[in-house]
Amino acid sequence: MALNLREAAKRPERFTGGHRLCAGCGASVTVRAVLKALKPEDKAVIGAATGCLEVSSFLYPYTAWKDSFIHNAFENAGATISGVEAAYRVLKKKGKIDDTYKFIAFGGDGGTYDIGIQSLSGAMERGHDMVYVCYDNGAYMNTGIQRSSATPKYANTTTSPAGKVVPGKQQFRKDLTQVMAAHNIPYVAQTAPFGNFSDIYQKAEKAIYTEGPAFLNVFTPCPRGWRYDTPKLMEIVKLAIDTCYWPLYEVENGKWRLTYKPKKKLPIEDFLRPQGRFKHLFKPENQHLIEDLQKEIDRRWEMLLERCGE
Ligand SMILES: Cc1ncc(C[n+]2csc(CCOP(=O)(O)OP(=O)(O)O)c2C)c(N)n1
């Protein structure tokens, strides 16, 4: 039976409290949820690309990770974890390791969509038995909120500032989940830590226990970069899902499946309004920018529905 919230809650935490991530940060919730999918008897080797998660959870001599953890450079979490997995396979074959290990890489969107994409793509293509998890907070947050290719169009960041002439980032975001699906690996999914509670547990379980490479893209809000009040974390995730800004779906052995369809698709304004990074869009003269965003979100949603046979 697929892992649900009740069963997941009974499992021990593998990512502990006492880390230094911000209050209201989505990254710790994402990591805890993904690691709950590990069977308690299985061990794991985890690596994280440099970013908020890595620097806030692994400050020598402290660690928030109960599993083996590799402090990794920004650009090669995919390569590092794939190398460890290859070594494990050899040692296992030689009878030098009895325990079952699983291999998981975490990276922010900067470390995944942009700087680590070559090592991620290579690791997936070579067919390693590993999971790469992108916690997508839509900018390079650790170094002070610089735009990435995952940043939504018109967001105000320090390298795409909203001013009198240019209203924030000028490009729509890259759709990395679809890029990963084009690798034709056994499992690719897009999920979020809240909204549809069992979604992330079930997808993480499939990703970890499907043989071969798997990729999870997890929507992960950032209160500093997005400028929302910390208690609004859960509300913002739900709005991203219900406006279809962040659809929940999976691609399993080439079969596309929507895992949640909002009963009522909400307008994108609802997702933008609680976030200070979009404040400039609510000036009357910028109404057309919201319409531009809405049009692109509708276009991508329709395409996804078609792919999923809805
Ligand atoms: C090759 C390299 N370039 C730049 C940096 C500086 N750097 C460290 S963390 C970071 C931002 C990470 O952004 P992201 O991957 O989106 O994760 P986040 O901090 O948002 O969680 C940068 C640019 C680095 N460590 N290595």
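Structure report, in brief. (Residues numbered from 1 in each chain as written. Predicted model: local features only at pLDDT ≥ 70, side-chain atom pairs only at ≥ 80, totals over all residues. Heavy atoms only, no water.)

At a closest axis distance of 8 Å, the pairing of helix α2 (residues 26-36) and helix α8 (residues 198-209) adopts a crossing angle of 55°. Overall, the two elements α2 and α8 adopt an arrangement that is oblique. Crossing of α2 over α8 shows right-handed handedness. On α8, the residues that touch Thr30, Ala33, Val34 and Lys36 of α2 are Ile200, Tyr201, Ala204 and Ile208. (Axes fitted to C-alpha atoms, helices over the stretch in contact; angles between N-to-C directions. Helix = DSSP H or I, 4+ residues; strand = E, 2+ residues; numbered from the N terminus. Parallel < 35°, antiparallel > 145°, perpendicular 65-115°, else oblique. Left-handed = near helix turned anticlockwise from the far one by under 90°. Contact = heavy atoms within 4.5 Å.)

Turning next to helix α10 (residues 233-242). For α10, every residue scored as buried is listed here: Leu233, Ile236, Val237, Leu239, Ala240 and Ile241. Elements that come into contact with the buried residues of α10 comprise α2, β6 (214-219), α9 (223-226) and α11 (269-272). Immediately beyond the C-terminal end of α10, within one or two residues, lies cysteine 244, with a positive phi of roughly 65°. (Buried < 20%, exposed > 50% of the residue type's maximum accessible area, 1.4 Å probe, protein only.)

Close to the ligand lie 16 residues, the nearest being Gly110, Gly111, Tyr135, Met141 and Asn142. Contact between the ligand and glycine 110: an oxygen atom at 2.8 Å from a main-chain N or O atom of the residue. Taking tyrosine 135, its side chain carries an N or O atom lying 2.7 Å from an oxygen atom of the ligand. In isolation the ligand has 580 Å² of accessible area, and contact with the protein removes 75% of it. The element contributing the most residues to the shell around the ligand is helix α5 (residues 109-114), with 3 residues. Looking at the shell around the ligand, its residues break down into 6 nonpolar, 8 polar and 2 charged. (Near = heavy atom within 4 Å. Polar contact = N/O pair within 3.5 Å; in protein donor to acceptor, adjacent residues only side chain to side chain. Areas by Shrake-Rupley, 256 points an atom, 1.4 Å probe, with all protein chains shown as cover. Nonpolar A, V, L, I, M, F, W, Y, C, P; charged D, E, K, R; others polar.)

From the geometry alone we can't say anything about function, so treat these as descriptive.
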